[in-house]
Amino acid sequence: SQKIEQNSEALNIQEGKTATLTCNYTNYSPAYLQWYRQDPGRGPVFLLLIRENEKEKRKERLKVTFDTTLKQSLFHITASQPADSATYLCALRDTGRRALTFGSGTRLQVQP
Amino acid sequence: DAGVIQSPRHEVTEMGQEVTLRCKPISGHDYLFWYRQTMMRGLELLIYFNNNVPIDDSGMPEDRFSAKMPNASFSTLKIQPSEPRDSAVYFCASRAGATGELFFGEGSRLTVL
């Protein structure tokens, strides 16, 4: 069966450190993968998109990698800040489909 | 643009009642999605439309759920009759084109007693 797995346990890190979140998938052939941020009581907000033929994408303090052999994406936040505390969701679009399927998300807590 | 607008933000109703959730997508977006989010199951796709036409409703739980998009600027998700297990946050999202980012509304939190 198809699965998108994110670490369900919260990730706690100190301010200034790099946060690394993992997204693993099985039985998908994603055309692309996206990362979203969700704050409590709010809708998800798009952060980054990485295509199947791209290895890495950066945007300011964010970096995403995509390894289609390992079937894994890593999401990094460098120089983390308390304001980065949120739940981060990965989502992928399977080849031939138009809709995104989401992982369950990982909650990040950055301690001052 | 005001973004994707959903109403109501909160709805509390009793089992057996009809619930209607509403969504106004971003102007010019040709795809509209309805998702449901719960702690147990995360964010699940219910149905999506392209140019007002339902494309995939395989995520709709059962016949009690129905969705319409009568025009490019309005969609509804209806639950009739509602049950306690329908309690969740329902999100509407829109997108311009077949790829790219989704723009989500703030969600409608439904509680069925």
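This text follows the structure it describes.
Fair warning: this is a prediction, and the values are worked out from it, not measured in the lab.

## Quick word on the overall build of chain A
Helices and strands together make up the secondary structure of chain A, namely zero helices and eleven strands. For chain A, the α and β elements follow one another from N to C terminus as β-β-β-β-β-β-β-β-β-β-β. Taking 2.2 N^0.38 as the reference for a compact globule, 112 residues should give roughly 13 Å; the C-alpha atoms of chain A span a radius of gyration of 13 Å, in line with that estimate. In terms of principal-axis extent, the alpha carbons of chain A reach across some 45 × 30 × 20 Å. Expressed as a percentage of its 112 residues, the buried residues of chain A come to 46%. Contacts spanning at least 24 positions in sequence make up 55% of the contacts within chain A whose residues lie at least 6 apart. Carbon and sulfur atoms make up 44% of the accessible area of chain A, which totals about 5,700 Å². Computing the positive centroid from 16 side-chain charges and the negative centroid from 11, chain A places the two 3 Å apart.

## What to know about the state of the cysteines
Residues and elements named next belong to chain A. Under the criterion given, the structure shown has two disulfides over all chains. Note that C23 is cross-linked by a disulfide to C90, the S-S spacing being 2.0 Å. In this structure, the disulfide formed by C23 and C90 twists by about 60 degrees around the S-S bond and is classed as right-handed. Taken together, the residues span a long stretch of sequence, with C23 in strand β3 (residues 19-26) and C90 in strand β9 (residues 86-94) at a distance of 67 residues.

## What about the side chain of S75 of chain B?
Residue and element names in this part refer to chain B. Checked against the element boundaries, S75 lands in strand β8 (residues 74-79). Among the polar contacts made by the side chain of S75, one reaches the main-chain carbonyl oxygen of K68 at a distance of 2.8 Å. Apart from the residues lying within four places of it in its own chain, the contact partners of S75 are L21, R22, C23, L32, W34, F49, K68 and M69.

## Brief notes about the sheet that holds strand β7 (residues 62-67) of chain A
One key point about sheets: their strands pair by backbone hydrogen bonds, in either a parallel or an antiparallel sense. Residues and elements named next belong to chain A. The five strands are arranged β1-β3-β8-β7-β6 in an open sheet whose pairing can be described as antiparallel. Two strands in the sheet have a free side with no partner beyond their single neighbour: β1 (3-6) and β6 (56-59). If you compare each strand with its neighbour and ignore which way they point, the axes differ by 15 degrees on average. Of the strand pairs in this sheet, β6 and β7 are connected by four bridges, and their pairing is antiparallel. Bridge pairing in β7 places K57 opposite V64.

## Examining the sheet that holds β8 of chain B
All names here are of chain B. A sheet is described by the order of its strands in space; here four strands give the open sequence β1-β3-β8-β7, paired in antiparallel fashion. With partners counted over all chains shown, the strands left at the sheet margins are β1 (5-7) and β7 (65-71), one partner each. Direction aside, the axes of adjacent strands within the sheet are offset by 15 degrees on average. Summarising the sheet, strand β3 (residues 19-24) and β8 pair through five bridges and their orientation is antiparallel.

## Here we look at the interface of chain B and chain A
Facing 19 residues of chain B, the contacting portion of chain A comprises 17 residues. When the area that chain B buries against chain A is broken down by residue, the three leading residues are L43, F104 and E106 of chain B, summing to 27%. For the pair chain B and chain A, the interface holds one salt bridge. Across the pair E106 of chain B and R42 of chain A runs a salt bridge whose closest N-O atoms are separated by 2.6 Å. Here chain B is connected to chain A by nine residue pairs in polar contact (both at pLDDT 80 or more). Among the elements of the structure, β4 (31-38), β5 (42-50) and β9 (88-95) of chain B are those that each provide at least two residues to the side of chain B that touches chain A. The greatest single-element share of the side of chain B that touches chain A, amounting to four residues, is contributed by β4 of chain B. Broken down by class, the residue content of the side of chain B that touches chain A amounts to ten nonpolar, four polar and five charged.

Rules used throughout
The numbering scheme is per chain: residues are counted from 1 as the chain's sequence reads. Ligands are numbered from 1 and chains lettered from A, in the order in which they are written. Local features in a predicted model are, by the rule used here, given only for residues with pLDDT of at least 70; side-chain atom pairs are given and counted only at 80 or more, and totals for whole chains, interfaces and linings are based on all residues. Each side-chain value is worked out from all heavy atoms of the structure, with water and hydrogens disregarded. Helix numbers and strand numbers start at the N terminus; a helix is a DSSP run of H or I with at least 4 residues, a strand a run of E with at least 2. Our radius of gyration is a C-alpha quantity, and the globule rule it is checked against amounts to 2.2 Å times the number of residues to the power 0.38. Exposure classes here rest on a 1.4 Å probe applied to the protein chains alone. A residue is buried below 20% of its type maximum, exposed above 50%, and partly exposed in between. Contact definition: two residues touch when any of their heavy atoms are within 4.5 Å. All accessible areas in this document rest on Shrake-Rupley with a 1.4 Å probe, and a residue is counted as covered only by the protein chains that are shown. Two residue types count as positive, namely Lys and Arg, and two as negative, namely Asp and Glu; His and chain ends fall outside the count. One atom stands in for each charge, and that atom is NZ of Lys, CZ of Arg, CG of Asp or CD of Glu. The rule for a disulfide is simple: a pair of cysteine sulfur atoms within 2.5 Å. Polar contacts, as used here, are pairs of N or O atoms within 3.5 Å; protein pairs need one atom able to donate a hydrogen and one able to accept it. Residues neighboring in sequence count only if both atoms are side-chain atoms. Strand pairing is assigned whenever DSSP identifies at least 2 bridges connecting the two strands. Interaxial angle, 0 to 180 degrees, is taken between N-to-C directions of lines fitted to C-alpha atoms, where a helix line uses only the stretch in contact. We define buried area as the total accessible area lost by two parts upon association, computed with a 1.4 Å probe and summed across both. What makes a salt bridge here is a side-chain nitrogen of Lys or Arg within 4 Å of a carboxyl oxygen of Asp or Glu, nothing more. Here the nonpolar group is Ala, Val, Leu, Ile, Met, Phe, Trp, Tyr, Cys and Pro; Asp, Glu, Lys and Arg are the charged ones; every other residue, Gly included, is treated as polar.

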